[in-house]
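Observations on the model geometry
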Amino acid sequence: MEEVGLRHDPAETPQIPGGMMAGIARRDQPARSYNAFRAACRRLMAVHSTPPPRDDRERGTGRRPGPLRVRLWALLALVLGLAWLGVPRLLARDEFLNRKDGSVLMRVPAGTFLMGSQDGDSDALDEEKPAHEVHLDEYWIGRCEVTNEQFARFVAETGHRTTAEMEGLMASWRTVKDRWGPQAPVVCVSWFDARAYCEWAGGRLPTEAEWEKAARGTDGRRYPWGNDRDPSLAWCEQTSGGRPHPVGDLVAGASPYGCLDMAGNAWEWCSDWSAEYPPGPVRNPTGPGDGAYRVYRGGSWGMAAQYARAASRSDNIPGYCDVYLGFRLARSLPQEAGRRLGYGS
């Protein structure tokens, strides 16, 4: 299967330059840049195809360029324009389109990060400690949470009935999707529903360690954007207006790997059973083999900003579902089922 794009930037935690962040700060930026580039090409061609003034021709000092010269100038402009538009986009990070459900997955390179909260963090709870080193192999995780629109396609194709629907609960993903829109994160889904969707999409739920690394990178930051609590960068109790919002709207709150809404909007199921952290370094942890509660992460539109910290943990029985809880897709090796994308695609 043909793949488009290259793997770039081997750095453990890619840093997004300000100019590139401006490129993702607005979804229409690639189109705006392309239109500006086309206009510049037209101006360049006009300059080199316009005949010189009549008096210059009469003095024999000017000449009109031929078609070949115009084409060469246009080719040069095209090469320079592609370098300007394309190279920064491709160097920024790898993105991957999961064909089955349309999720864009972000590459998280292999390496070690510090998981959990330090003793000096006044917001930290006991279940977030001790902070410990975790090594993870490379993996891919959704740039955004799974949406109502995506979940509706899954249900239409499979006939899946959610836990809330089977139990006859008043709130289900169907009852809230029309109120909050197709691009809002799907909520009112249990761990079983989230797992079923991920398997249908050719992926899986992220482990708790994968989720946290994708949210905070390797520099130990407390929030996806840095160390300072800033409710304006997350859909939380202080900013949400009492509802979830379309995924990916708060691009200024992106994590070091370009993942969005990892702070607030909806809590997100992880694959692990809940357990205390180990006292020392671990490699590719997946949690205990069994337990009573499954982990979810990230805070929500109904919780205070302190619960949107990257290390904040919560858990509940796998069949639990409410209007604050959703999920995102992860994969280990996605190359066989999609295509690579350039930056901002």
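All of these numbers come straight from a predicted model, not from anything done at the bench.

1. Focus on the sheet that holds strand S3 (residues 111–115)
- Read across the sheet, three strands follow the order S3-S4-S7 without closing on themselves; strand pairing throughout is mixed. Whereas interior strands pair on both sides, the edge strands pair on one side only; in this sheet they are S3 and strand S7 (282–283).
- Strands S3 and strand S4 (132–136) of the sheet are contacted by helix H9 (residues 208–216), whose axis makes an angle of about 90° with S3.

2. Quick notes on the packing of aromatic side chains
- Counted by the stated rule, this structure contains 14 aromatic pairs.
- Look at tyrosine 197 and phenylalanine 327: their rings are 5.4 Å apart centre to centre, the planes differ by 65°, and that puts the pair in the edge-to-face class. Within this pair, whereas tyrosine 197 is found in helix H8 (residues 191–200), its partner phenylalanine 327 is found in the loop between strand S10 (325–326) and strand S11 (330–331), the two being separated by 130 residues in sequence. For the pair tyrosine 197 and phenylalanine 327, a shared accessibility class is recorded, and that class is buried.
- Here tryptophan 267 and tyrosine 296 contribute two aromatic rings whose centre-to-centre distance is 5.3 Å and whose plane-to-plane angle is 75°, an arrangement assigned as edge-to-face. One end of the pair, tryptophan 267, is in strand S6 (residues 267–273); the other, tyrosine 296, is in strand S8 (residues 294–297), with 29 residues separating them in the sequence. Residue tryptophan 267 shares its accessibility class with tyrosine 296, and that shared class is buried.
- By the ring-pair criterion, three or more aromatic residues cluster together here, those being Phe151, Phe154, Trp173, Tyr197, Trp200 and Phe327.

3. What to know about the sheet that holds S8
- With mixed pairing, the four strands of this open sheet are ordered in space as S9-S8-S6-S10. With one partner strand each, in any of the chains shown, strand S9 (313–316) and S10 form the two edges of the open sheet.
- Direction of pairing for S6 relative to S10: parallel, over a ladder of two bridges. Across the sheet, glutamate 268 pairs through a bridge with glycine 326, a residue of S10.

4. Side note on the nonpolar core
- Within the largest apolar cluster, 23 residues are counted, with the highest numbers of intra-cluster contacts made by Phe151, Phe154, Val186, Tyr197, Leu205, Trp269 and Phe327.
- Elements with a contribution of two residues or more to this core: helix H5 (148–158), H8 and S6.
- If one sorts the elements of this core by residue count, H8 sits on top with five residues.
- Discounting residues that sit within four places of it in the chain, phenylalanine 327 has contacts with Glu145, Val146, Phe151, Val186, Val189, Ala194, Tyr197, Cys198, Leu205, Trp267, Glu268 and Trp269.
- Leu97, Met106, Val134 and Met262 belong to the second-largest nonpolar core, a separate cluster that totals 22 residues.

Calculation notes
- Residues numbered from 1 in each chain as written.
- Predicted model: local features only at pLDDT ≥ 70, side-chain atom pairs only at ≥ 80, totals over all residues.
- Heavy atoms only, no water.
- Pairing = 2+ DSSP bridges.
- Helix = DSSP H or I, 4+ residues; strand = E, 2+ residues; numbered from the N terminus.
- Contact = heavy atoms within 4.5 Å.
- Axes fitted to C-alpha atoms, helices over the stretch in contact; angles between N-to-C directions.
- Phe/Tyr/Trp six-rings, centres within 6.5 Å; stacked < 30°, edge-to-face > 60°.
- Buried < 20%, exposed > 50% of the residue type's maximum accessible area, 1.4 Å probe, protein only.
- Core = buried A, V, L, I, M, F, W, Y, C linked by side-chain atoms within 4.5 Å.

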